[in-house]
Amino acid sequence: MMSPLFEWALYWAVVIVAGLAVLVTNRPYNPRICRILARNVFLVSVVLIVWHFVAVSLVPRTPAEAKAPAVEAVNYVSIARQDAVAAGINPDLFVRQIQQESGFNPDAVSPAGAVGIAQFMPATAAGLGVDPRDPVQSLRAAAHLMSSYIRQYGSESAALAAYNAGPQALRNAVSRCGDTWRSCLPEETQQYIAVITR
């Protein structure tokens, strides 16, 4: 695409050349057809430059910067799977967990105040040293947290309980109910574990 300055220079060059053609051909000894042709070329060039002034200069152009940038979709599911593998946990389970937590929405906020794609409470995020609104940081931290919970509590179900209800709630359930600890968890956490481990 030509720059506006180059466009103007081109139009003025056409007008000047056409004007010179009129002067050169406007002699009695030149054929009448040459004089008519030169005048018509000059008139067309003048009309063209007037059109350019009206249509291009007076009508505002949409700047390229004003065009909506193409939105690049981020595949958070793929990132979650990579983080799960890196943390040594089941990627399918981790993807179902994040789906249950936020539906992979980095802007999700729960009524309880949990924030972001991994639904960290602000205090938990601060303890992990992550920004809960940064989905990449949060997914990595959530995968490593689940890995540490699985090692600490011995199973994916117990790790999910610790993630959802908190480690203290899990410990209380185990101490009250022993092997049937799941029945002593809040109903929401029981459903959470059932959906993710299906």
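As a starting point, this report considers the structure included with it. Every value quoted in this text rests on a predicted model; they were computed, and no experiment measured them.

### Considering the nonpolar core
Counting 36 residues, the largest nonpolar core has Phe94, Ile98, Phe120, Tyr163 and Trp181 as its most contacted members. When contributions to this core are tallied by element, the ones reaching two or more residues are helix H3 (76-87), helix H4 (91-102), helix H6 (135-153), helix H7 (156-165), helix H8 (167-177) and helix H9 (187-196). At seven residues, H6 tops the list of elements feeding residues into this core. Not counting chain neighbours up to four residues away, the residues in contact with tryptophan 181 comprise Ser157, Ala158, Ala161, Leu170, Ala173, Val174 and Ile193.

### A short note on the layout of surface pockets
The method is simple in principle: a probe with the dimensions of a water molecule rolls over the atoms, and the space it marks as empty is what remains. Approximately 460 Å³ is the volume attributed to the largest pocket. Lining the largest pocket are 21 residues, with Glu101, Ala114, Gln119, Tyr163 and Asn164 positioned closest to its centre. Contributing elements (two or more residues each) for the lining of the largest pocket: H4, H6, H7 and H9. For the lining of the largest pocket, the leading source of residues is H9, giving four residues.

### Observations regarding the pattern of salt bridges
This structure, assessed with the given rule, holds one salt bridge. Salt-bridge contacts for aspartate 92 lead to arginine 81; the nearest nitrogen and oxygen are separated by 2.7 Å. One end of the pair, aspartate 92, is in helix H4; the other, arginine 81, is in helix H3, and eleven residues separate them in sequence. The class of aspartate 92 is partly exposed, set by a relative accessible area of 38%.

### Let's talk about the packing of H4 against H7
Here H4 crosses H7 at 25°, and the two axes come no closer than 13 Å. The pairing of H4 with H7 is recorded here as roughly parallel in orientation. For the crossing formed where H4 meets H7, the hand is right-handed. Residues Leu93, Gln97 and Glu101 of H4 pack against Glu156, Leu160 and Tyr163 of H7. Residue classes in the contact of H4 with H7 are distributed as three nonpolar, one polar and two charged.

Rules and cut-offs
- Residues numbered from 1 in each chain as written.
- Predicted model: local features only at pLDDT ≥ 70, side-chain atom pairs only at ≥ 80, totals over all residues.
- Heavy atoms only, no water.
- Core = buried A, V, L, I, M, F, W, Y, C linked by side-chain atoms within 4.5 Å.
- Buried < 20%, exposed > 50% of the residue type's maximum accessible area, 1.4 Å probe, protein only.
- Helix = DSSP H or I, 4+ residues; strand = E, 2+ residues; numbered from the N terminus.
- Contact = heavy atoms within 4.5 Å.
- 1 Å grid on protein atoms, 1.4 Å probe; cavity = no way out; pocket = protein on both sides within 12 Å on 5 of 7 lines; lining within 4 Å.
- Points joined across faces, edges and corners; volume = space filled by probe spheres on them.
- Salt bridge = Lys/Arg side-chain N within 4 Å of Asp/Glu carboxyl O.
- Axes fitted to C-alpha atoms, helices over the stretch in contact; angles between N-to-C directions.
- Parallel < 35°, antiparallel > 145°, perpendicular 65-115°, else oblique.
- Left-handed = near helix turned anticlockwise from the far one by under 90°.
- Nonpolar A, V, L, I, M, F, W, Y, C, P; charged D, E, K, R; others polar.

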